[in-house]
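Coordinates in review
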Amino acid sequence: MQVFTRVQEMQEWSLQQKRLGKKIGLVPTMGYLHDGHLSLVRRAKAECDVVIVSIFVNPLQFGVGEDYEEYPRDLTRDAALLEKEGVEATFAPSVKEMYPQGYSTTIEVGGEITAKLCGKSRPGHFKGVTTVVSKLFNICLPEVAYFGQKDAQQAMIIEKMVRELNFPLRIVRGPIVRESDGLAMSSRNVYLNEEERKSALVLSQALGLARELIENGETSVGKVKEAMINLINSKPFTDIDYVEIYNGEDLSDLAEIKGKVLVALAVRVGKTRLIDNLLLEV
């Protein structure tokens, strides 16, 4: 496996693969890889000729007071995991390489799709995401890029950006990968102490409750949200950021629960902000 840290070298390698007729798959990550990331890598390996995994903790998508400095990093560990999976190339640039002195260009997707959920509680977050992802697409030149369903809003926004800016590639979403007890895998799970880890299970439990209510015929957005909120508030160390139910295609409001539905939540457990979601066809 080759590890590139320079934009020009990564781009030249990708262009060479294209000249050889190779189909490139890209898995963008912030590193500290877990089985959720590796499930995307395995899918990319199955569907593409060569796979690039980017590892970059992107400062543009972190707000003031968020965990940019604390975010877990271990490139040696990550590279060993990726080599074991047969990945052809890793792109691990520095911040200075991605955003040299004087850098000022950003890419922003407009509309309510970026104004809700994490976009509401983390202003500027998605502008940082779409900016770095656009750069990664232009540097790595993939035909297919792989994102996880756990970041459902992010995936929707990137799909919209690709569609509207005519990027010549396809976005594939991989399903949420969970621990054996139901907690969605996240690099931030390492922040949780033992008691917080137990309380964190309420995210998947609240989604399970929503699924049960909806499958039993409940169509009221308000009633399902209320039941979820009451369950989350019954656990220690929890502080709700949001619990929402929107149209699963574009995050528009729902008069009632029907069609493609996204149930999404963000909860602080102790100091750790966790997200999870459920996509249903009702």
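The coordinates are above.
The model shown is predicted, which means the values in this text are computed figures rather than measured ones.

Counted residue by residue, strand β3 (residues 50–55) has six buried out of six residues, so it is predominantly covered. Residue alternation in β3 divides its side chains into two sets, Val50, Ile52 and Ser54 and Val51, Val53 and Ile55, and both sets are buried. What joins strand β2 (residues 24–29) to β3 is helix α2 (residues 35–47), and the crossover it makes is right-handed. In the sheet, β3 pairs with strand β4 (residues 89–91) via three bridges, with the strands oriented parallel. Paired with Val53 across the bridge in β4 is Thr90. Traced from β3 through helix α3 (residues 75–84) to β4, the parallel crossover comes out right-handed.

One non-glycine residue with positive phi stands out, namely Phe237, at about 70 degrees. Among the structural elements, Phe237 can be located in the loop between α10 (221–233) and β7 (238–247). A positive phi angle, near 65 degrees, is found at Leu251, a position not held by glycine. One can find Leu251 in the loop between β7 and β8 (260–269).

Secondary-structure assignment places Lys135 in helix α6 (residues 125–140). Discounting residues that sit within four places of it in the chain, Lys135 has contacts with Met98, Tyr99 and Tyr103.

Spatially, β7-β8-β9 is the arrangement adopted by the three strands of the open sheet, whose pairing is antiparallel. Single-partner strands in this sheet number two, and they are β7 and β9 (272–281). Taking the axes of each pair of neighbouring strands and ignoring which way they run, one obtains an average angle of 10 degrees across the sheet. Looking at chain direction, β8 and β9 are connected through ten bridges and run antiparallel. Residue pairing in the sheet places Val269 in a bridge with Thr272 of β9.

About the thresholds
- Per-chain numbering applies: the sequence of each chain, read as written, is numbered from 1 onward.
- At least 70 in pLDDT is required for a residue's local features to be given in this predicted model, at least 80 for side-chain atom pairs to be given and counted, and no such filter applies to totals for whole chains, interfaces and linings, which use all residues.
- Only hydrogens and water are set aside when side-chain values are computed; all heavy atoms of the structure are taken into account.
- Classification of residues uses two cut-offs on accessible area relative to the type maximum, computed with a 1.4 Å probe and protein chains only: under 20% is buried, over 50% is exposed, and between them is partly exposed.
- Where helices and strands are cited, they refer to DSSP runs of H or I of at least four residues and of E of at least two residues respectively, numbered from the N terminus.
- With its strands directed away from the observer, a crossover is right-handed exactly when the path from the first strand over the helix to the second travels clockwise.
- What makes two strands pair is DSSP finding at least two bridges between them.
- Contacts are residue-level and defined by heavy atoms, with any inter-residue pair within 4.5 Å sufficient.
- Note on geometry: axes are lines fitted to C-alpha atoms, helical ones only across the stretch in contact, with angles between N-to-C directions running from 0 to 180 degrees.

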